[in-house]
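# An overview of the molecular structure
Listed below, chain by chain, are the residues.
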Amino acid sequence: MKKIILSTLLAVAMAVTPALACTNFIITKGASTDGSVMVSYSADSHQLYGCLYKHNATKYKAGAMLPVTEWDTGKYLGDIPQVAQTYSTVSNMNEWGLIITETTYGGRHELYNPEGIIDYGSLIYITLQRAKTAREAIDTIVTLANTYGYASEGESFSIADENEAWIMELIGKGPGKKGIVWVARRVPDGYICGHANQARITTFPLNDPENTLYAEDVISLAREKGYFNGKDEEFSFADAYAPLDFSGMRGCEARVWSFFRMFTEGMDKYLDYAMGHNPENRMPLWVKPTHKLSPKQVFDAMRDHYEGTPLDMTTDIGAGGHALPYRWRPMNFEVDGKTYVNERATATQQTGFWMVGQARKGKTGILWFGVDDAATSCLTPIYCNTTEVPVYYKEGNGSMLDYGTESAFWLFNRVTNFAYLRYDMISADIRKVVDEWENAKIAEVAEIDAKVAAMSAKKQQKELTKYSSATAIKMYQNWARLDKYLLLKYVDGNVKSEHKDVVEYVLRGNTTPDHFVDNGNGKQIPGKIQFPGYNEKWKRAVAADHGKILEVK
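The rules behind these values
- Residues numbered from 1 in each chain as written.
- Predicted model: local features only at pLDDT ≥ 70, side-chain atom pairs only at ≥ 80, totals over all residues.
- Heavy atoms only, no water.
- Helix = DSSP H or I, 4+ residues; strand = E, 2+ residues; numbered from the N terminus.
- Polar contact = N/O pair within 3.5 Å; in protein donor to acceptor, adjacent residues only side chain to side chain.
- Contact = heavy atoms within 4.5 Å.
- Buried < 20%, exposed > 50% of the residue type's maximum accessible area, 1.4 Å probe, protein only.
- Pairing = 2+ DSSP bridges.
- Phe/Tyr/Trp six-rings, centres within 6.5 Å; stacked < 30°, edge-to-face > 60°.

## Re the side chain of Glu-253
Residue position: Glu-253 is located in helix 6 (residues 246-263). Within polar-contact distance, the side chain of Glu-253 engages the side chain of Tyr-273 at 2.6 Å. Discounting chain neighbours no more than four positions away, the residues touching Glu-253 are Gln-198, Arg-200, Gly-248, Tyr-273 and Met-283.

## Examining the pairing of strand 9 (residues 154-160)
Burial runs high along strand 9: 7 of the 7 residues are buried. Neither face of strand 9 is left uncovered, since the one carrying Gly-154, Ser-156, Ser-158 and Ala-160 and the one carrying Glu-155, Phe-157 and Ile-159 both have all their residues buried. For strand 8 (residues 99-106) and strand 9, the ladder comprises 7 bridges, and the chain directions are antiparallel. Within strand 9, the residue paired with Gly-106 across the bridge is Gly-154. Note: strand 9 against strand 10 (residues 165-172), 6 bridges, orientation antiparallel. Of the residues in strand 10, the one forming a bridge with Phe-157 is Met-168. Taking the residues between adjacent antiparallel strands as the criterion, strand 9 and strand 10 are bridged by 4 residues.

## Here we look at the packing of aromatic side chains
One pass over the full model with this rule turns up 33 aromatic pairs. Ring geometry for Phe-299 against Trp-368: centres 5.1 Å apart, planes inclined by 55 degrees, an arrangement best described as tilted. Here the residue Phe-299 occupies a position in helix 8 (residues 295-301), and Trp-368 occupies one in strand 18 (residues 366-371), the gap between them amounting to 69 residues. In this structure, Phe-299 and Trp-368 share a single accessibility class: buried. Centroid distance Tyr-326 to Tyr-423: 6.0 Å. Interplanar angle 80 degrees. Geometry classified as edge-to-face. Here Tyr-326, found in the loop between helix 8 and strand 15 (332-335), pairs with Tyr-423, found in helix 10 (residues 423-452); they are 97 residues apart in sequence, far enough to count as distant. Since its relative accessible area comes to 8%, Tyr-423 is described here as buried.

This is how it looks when you write it as structure tokens:
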């Protein structure tokens, strides 16, 4: 078995760590418990403000133009002709249940075209306004990029509708060349797939248009550039356009491996690959789960920190005295001339927004939407035909430089950043609220579906909009109570005893003064304070580091 020397590849990893952002998981209808097609997405960036994007269906006059601005920066890139009719969209889903999400893999930097005017974000949100199905979306993406020029680096897209799900990978052709080279593969029904900032499509069928689509010049361009010189049937998109390195395995593929491992037996045989040690032991593009996945299981998969694996971020001394599964950037550090790397898990502190889209046969699609770190935030159901966005989630309500007092993004960040102080205890309280809320909403959605089934389309849309907005507002109000509860309970490192748990306080609204144990004398002074201290590993580390000074003699 070929081994890669860790210290050598760590140097390579450092050059690409800024791109280690978003995560996508794909669940086909045959792999889900309710027959829906699901796509999960965390939009991760230290600069991204999380909000709920909305575009209403609109008719345009002939000659109308659409200004294109770069999603990451807001930079104006140019104008393209508008279509006569656009579809309604909410976040990364449209009224037809089409879902498009992404992760950036970068790839060959020399293939970036500085003259392009369609960046990867614009490809997503313009396509959602113009396509009804996954196959239409692939055609639209290719047409837009080839016509107006692609303005980003290598991207992987999840593209799904109520019938099928695809993974599509693309990259530009370099300066002076407008278009893209690309491959799209349909995920077999009954299987799950994922991608996380590393190109994953390797070899592919050259004559199976039902399941595999690709650019005519995807192989010839690689030959022209010197990336490939074998037989056509041996061509690997990922190896040609995004060669695998330590960072691609440890910082990216490991997230997909951990997802597969949750639901498929035998994935531990790819542990050396996930750890960045053995690129020859490449894991498959998709796997068949042992059991079908429920929506709640997909939600929770996005909260992963490699728990229960050798990469578990809660167990080493870097987790501090309270099992914090985060390491602040940069992702590497040096000690005595040796370079070490911090893990990059699916759940991460720099998430702007995250979602799970459900495309459902015969029913309106649902966008389960949340902001900030998935591990300590909550999803709320938004029907994809909704006509409005609650004020707490709207664009323009706050920004990364402007604290919004009625902003869901800032409220969730307040709660999450407080949780980072005593993660083992505070996150457990948050998770109780999350599980109670999400399980209740999943059951409630089934009731709403039945309620609107016989309604006209117009009345149904009105009812689903009303439900989506009211539920999202309730979610915000719950989190405001949670914010107060956590400060009351954990202020100054103390832990107050309570008569009832966090669910009663937050979701039941029982925010009475007697929730916490008082001293029995009518002044509400805490009657029982706990001082749980730090975990054993932390105490031993402190003793080893500074024990001579701290020891009591």
